[in-house]
Amino acid sequence: MAGLNDMQEQACEHVDGPLLILAGAGSGKTRVITHRVAYLMEHEGVNPLNILAITFTNKAAREMRERVDLIVGDGADRVWVSTFHSLCVRILRRYADKIGYGKNFDIYDSDDQKSTVKSILKDFQIDPKRYPEKMFMAEISKAKEKYLSPDEFAKKNAADYAGTKAAEVYTEYQSRLKKNNAMDFDDLIYKTVELFEHNPDVLDTYQNRFRYIMVDEYQDTNHIQFLLVKMLARKYRNLCVVGDDDQSIYKFRGANITNILNFEKEYEDAKVIKLEQNYRSCGNILAAANAVIQHNAGRKDKALWTDKDAGEKISFEQCDSEYAEGDMVASRIKTLVRQGVDYRDIAILYRTNAQSRVLGEKMVYANIPYRVYGGTNFYARKEIKDVLAYLKVINNSTDNLYFRRVVNVPKRGIGEASLSKVESFADAYGLSMMDAAARADEIPGMAAKTSAKIRQFAELITSFRDMLADGESLDSVYDRILEDTGYESELIAEHTEEAMTRLENIDELRNKVVEFTEDNEEAGLSEFLEEIALVSDLDAMSEDDNQVKLMTLHSAKGLEFPYVFICGMEDRVFPSGIALNSDDPDALEEERRLCYVGITRAMKKLYLSAAKERMMHGNRVYSDVSRFIREIPPMLFEHEADMKNMAKRRESESVDRYNRGEGRRDAYGSSYGDTYAGYSGGRTAGAASGRSYGQKNPYSSYAKQQSYGQPSSQPSFGKAFVVNSVGKPDYAVGDRVRHIKFGPGTVEALEKGDKDYEVTVNFDRCGVRKMFASFAKLKKC
Ligand code: ATP
Ligand code: MG
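Residues numbered from 1 in each chain as written. Chains lettered and ligands numbered in written order. Predicted model: local features only at pLDDT ≥ 70, side-chain atom pairs only at ≥ 80, totals over all residues.

1. Quick notes on the overall build of the protein chain
Thinking step 1. Along the protein chain, the regular secondary structure elements total 33 helices and 20 strands.
Thinking step 2. Out of the 781 residues in the protein chain, the part that is buried amounts to 43%.
Thinking step 3. At a minimum sequence separation of 6, the contacts of the protein chain that also span at least 24 residues come to 72%. (Helix = DSSP H or I, 4+ residues; strand = E, 2+ residues; numbered from the N terminus. Buried ≥ 20, exposed ≤ 12 C-beta atoms within 10 Å, placed from the backbone. Contact = placed C-beta atoms within 7 Å.)

Written out as structure tokens, the structure reads:
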């Protein structure tokens, strides 16, 4: 119990029955899970095999295992510490046959999903310009997150055209994946739940196996993950979940904050422990985080405190452009390093991956070692996918997708027409295309020359299979593949810089093969492919590399760094334009939670920065400093006076605007509870700042940004500002009205101002709002 406070200790000692640890950032939730695992083994004599700990990333899983190892010395490797996905893969590799899949199923990444959907749209003659693949992918994913089968989904969506189409595509998509013996990421969890539902004996095995279950970052679990945990824990009910409702940042991926908020309802006898001491951040940083998150309505109030010193004040700089911002960050890092700070202790966080390009460039210019996490995934690169597809086909994958990917790469003169014939033949005989290729001579209507080429390809693949069967090592087979297929020589012949990079990447993958075979002597190609399918580059993060870490705020969840830079603190970057324009009032709150996550990553010093203008979606866009900056009390900043002035300037500007008749857009802005009541915030910020600060083309960038998000229900929003006065509205106190964004509500008051009516509405969904009638556009219902 060394290194735990009383509450943390209590949490560890609660052994039987459901337990909820609900606590703010840096309060030691993850540490409690780690210690609890150790406690169960050491004090309660629990067999490590009976413990399951679920983390959000593979990296967290690895760290947790290492820490448990340190505490208990032995047996930690037998505890199952894994992500939801790797847990499910392990289960399905044993039992997938019970739900009609082969145990060696392939795991589709988003690229594979996309090409499958694309080909379905083609076959169904659905125009991808009107109904983009991404939309179907999102619908399918959402359905799976809710555990809706294609049939159930079809029933739910029978009423509208797009819904019906989505259901058809979903049905076909599932049947194609099954035919190819493949599962996508969402399937991994979905199919495990399905397996348990239809096979009580299998479920029972795992219930007995996992008598003690712990889930970290529970606030970001979605419905299907909730179901899975609930099923596994049903028998012994030793379920411990930890989380922080203020850090729920994956709603767009289906995470359901109510999983944590309703835990006490689901498990009435649950013990609830709250941790309030933050051990991570200095006082000023923690105060800033607390101040920001307090602007969210309807949250469970938590008061985090620290006995650490106030520490250094927070730095804020508004630079002229994103380039100036990058220079500023680089120069601050150089200063830190001169003072003896290690590069590895510094992180640069940002809202969108796109920001990493300029920041990365500036690190290069300044000679600062750095690594970008996330971004273009190494495994999503074309050459890596090609080589992996070869490996999958060699590994007896029956998946036609991989066969198609490599059969003509490099070019072997096998065209689409011939491939269709191979596919028809395969379908007719219930074969995979690969098996059909081996029998190319029998395929009707195919020229002898073509069928010879196809058969040769099949023979080539078989030769690699034979090498593996003869016990040749994975890395030497890897080399043979690159050589014998002609893939490498084609790249070498290309003589371009791009081809060189591809060759380097292929070499990097070879390093991974070698590393893998060294670490897993018994394992073969299947195991290698599985490991690759589940890793992200974040998992490869290592403290050995003395590099500055660049990553999105989302990726930084659960991590901590002594020095943290958060760049792009501008309205419409962070909070994102999509959130500012969203119909859903929670969208902005989710951005604020993300800001809270970002701030609370910092231990010693936090640097916030903004650019006055930056390139966004192909336009130079001028932006105001993020509202989140203004939610932090000026006294916490290095230049307190400047921050106060900024706030004052803002207030007087907004009063000016108001007097000019432009201020009434506050009807929307203030509805989000902006601290500076006069400031025109909220969803109108884009157009508002465009006007008052002389943006070159206020509407073009704004409109563009809207098109990035979901189709907006209010596409011509900017027009609202043109209206200056209206006659008496056609509703009265007591009437039911509907607002385009806030939904239905009841009119509580109606006052006539000099130009406009001010109306107070109590909205069913989001409470009382005061707004100007001309902008509110309420409809009587
Ligand atoms: P997050 O919400 O960001 O995931 P968390 O609640 O999981 O945070 P941890 O990462 O477990 O918090 O802990 C934050 C930091 O505080 C870690 O460096 C951890 O080692 C340290 N810490 C936690 N509890 C204690 C304690 N009782 N004494 C000293 N240090 C502690
Ligand atoms: Mg944690």
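2. Concerning the UniProt feature "binding site: ATP" (unreviewed entry) in the protein chain
Thinking step 1. Here the UniProt-annotated "binding site: ATP" (unreviewed entry) positions come out as Ala 23, Gly 24, Ala 25, Gly 26, Ser 27, Gly 28, Lys 29 and Thr 30.
Thinking step 2. Among the structural elements, Gly 26 can be located in the loop between β1 (19-23) and α2 (29-42).
Thinking step 3. Take Ser 27: it is sitting in the loop between β1 and α2.
Thinking step 4. With near-sequence residues (within four places) excluded, Ser 27 lies in contact with Leu 275, Glu 276, Gln 277, Asn 278 and Leu 304. (UniProt positions renumbered as here; feature names shortened; annotations may be inferred.)

3. Things to note about the sheet that holds strand β3 (residues 80-83)
Picture the strands of a sheet paired through backbone hydrogen bonds; they go either parallel or antiparallel.
Thinking step 1. The strand order β3-β2-β6-β7-β1-β8 describes an open sheet built from six strands, whose pairing is parallel. At either end of the open sheet lies a strand with only one pairing partner, and these are β3 and β8 (271-275). Ignoring which end each strand starts from, the neighbouring axes of this sheet average 15 degrees apart.
Thinking step 2. Two elements, β1 and strand β7 (residues 239-243), share four bridges in a ladder whose sense is parallel. The residue of β7 that forms the bridge with Leu 22 is Gly 243.
Thinking step 3. Contacting β1 and β8, helix α1 (residues 6-13) crosses the sheet at an angle of about 150 degrees to β8.
Thinking step 4. With respect to the sheet, helix α4 (residues 84-95) is in contact with β2 (51-55) and β3, its orientation differing from that of β3 by roughly 115 degrees. (Pairing = 2+ DSSP bridges. Axes fitted to C-alpha atoms, helices over the stretch in contact; angles between N-to-C directions.)

4. Digging into the site of ligand 1
Thinking step 1. As a matter of local geometry, ligand 1 sits amid 19 residues, with Gly 28, Lys 29, Thr 30, Arg 31 and Tyr 279 nearest to it.
Thinking step 2. Of the residues forming the shell around ligand 1, the biggest block, three residues, is contributed by α2.
Thinking step 3. Of the residues assigned to the shell around ligand 1, the class counts are four nonpolar, 10 polar and five charged. (Near = placed C-beta within 6 Å. Nonpolar A, V, L, I, M, F, W, Y, C, P; charged D, E, K, R; others polar.)

5. Examining the sheet that holds strand β18 (residues 757-763)
Thinking step 1. Strand order in the open sheet made by the five strands is β19-β18-β17-β16-β20, with antiparallel pairing throughout. Sheet topology places β19 (767-772) and β20 (779-780) at the edges, where each strand pairs with a single neighbour.
Thinking step 2. By the bridge criterion, seven bridges tie strand β17 (residues 743-752) to β18 in an arrangement that is antiparallel. When the sheet's bridge partners are listed, Leu 750 is paired in β18 with Val 759.

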